[in-house]
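# Residue-level structure breakdown
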Amino acid sequence: MNTTATAPAADPALLDIDEEVREALHEGRPVVALESSAIPHGLPYPANLDLALDIDAQVRSAGAVPARVAVLDGRIRVGMTKEQLELFASSPDVPKVSTRDLSLTLTRGGLGATTVSSSLVAAELAGIPVFAVAGIGGVHRDAPYSFDISADLVQFTRSRVAVVCAGAKSMLHPAWTLEWLETAGIPVIGYRCDDFPAYLSVSSGVRNPHRLDDLREIAAVVLNHWRTGTATSALVTHPIREADGIPSADIEAALEDATARAKAAGVTGPAITPYILKAIAQATQGRTADANRSVLLSTAALAGEFATQFSLELAKRAGARA
């Protein structure tokens, strides 16, 4: 007897799509998906709300519609109103929701702040091909012992979404992260940059596998990647502005000290990343806060530009087929 079950298709009925986002998608206008976990788990209120609104404004300034993802009352919200953003910003106890936690949060109801991985699930379900985040998750430096690899990487193997980012978060191992992405067949393209960025620093010291200097060409590459039948994401990387970045040597010194203190304190699992980020902020005299704001805004603006070029490339191909 064959006991193999076919996985059911994703259910769009789980989505609650904002009217502006829905109209933009219907009309083929550019849309950029965004995560929500940084709102309740980032800056204190109301600075976190102001930053979220500024990020949305950067997407709009590039001609695209922002579609921030969250879980609200047992449904996946795609495109948050100002009132919903304020609710998340003023509620510090909103749990982070990754792909592992998504079904549980939807079943229990209430609020959930989506991470990169769960936001990608929602973006693809809604039909949004572009997602923006400052720093992706990746392979942790103690992975040979902890097996700590971000769920972001696994989700990249499942979601046909172009991810615009400033590389991997600073505490991760850039070479191992790129090796993982290569093994999974996920294209990594540096936009006007030779080196893989390091989130708060311009360079990780490791080369991007590819460099292209034209967003329309990158859009064509992403579309051709999917035309082959490959069901993975593609990464478009671009660094923080050099004037706003923190030298990688400063980050490395702070990271080494913070990692040693975390190990001594027994900090592990999901608690390790916020612990180390806080320690790095203290070691760099708060420079990370300004750098983080800069890279969040610049990545959102670039994603808006890329989504615009992606929409133009889609329209061009549709016209050629007509």
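Up top is the structure these notes are about.
Summary of the structure given here. Predicted model, so just to flag it, every value in this text is computed and none were measured. (Residues numbered from 1 in each chain as written. Predicted model: local features only at pLDDT ≥ 70, side-chain atom pairs only at ≥ 80, totals over all residues. Heavy atoms only, no water.)

## Concerning empty space enclosed by the protein
Counted by the stated rule, this structure contains one cavity of 30 Å³ or more. Each pocket or cavity is described by its volume, and for the largest cavity that value is around 30 Å³. The leading source of residues in the lining of the largest cavity is helix α12 (residues 287-321), at three residues. For the lining of the largest cavity, the class distribution of residues is three nonpolar, three polar and no charged. (1 Å grid on protein atoms, 1.4 Å probe; cavity = no way out; pocket = protein on both sides within 12 Å on 5 of 7 lines; lining within 4 Å. Points joined across faces, edges and corners; volume = space filled by probe spheres on them. Helix = DSSP H or I, 4+ residues; strand = E, 2+ residues; numbered from the N terminus. Nonpolar A, V, L, I, M, F, W, Y, C, P; charged D, E, K, R; others polar.)

## Quick notes on the pattern of salt bridges
Evaluated as defined, the whole model comprises 17 salt bridges. Between R207 and D195 there is a salt bridge, and its shortest N-O distance comes to 3.8 Å. Remark: D195 occurs in the loop between β9 (188-191) and β10 (210-212) and R207 occurs in the loop between β9 and β10; sequence separation between them is twelve residues. Residue D195 is classed as partly exposed on the basis of its relative accessible area of 25%. D213 is paired through a salt bridge with R211; the nearest N and O atoms lie 2.9 Å apart. With a relative accessible area of 38%, D213 lands in the partly exposed category. (Salt bridge = Lys/Arg side-chain N within 4 Å of Asp/Glu carboxyl O. Buried < 20%, exposed > 50% of the residue type's maximum accessible area, 1.4 Å probe, protein only.)

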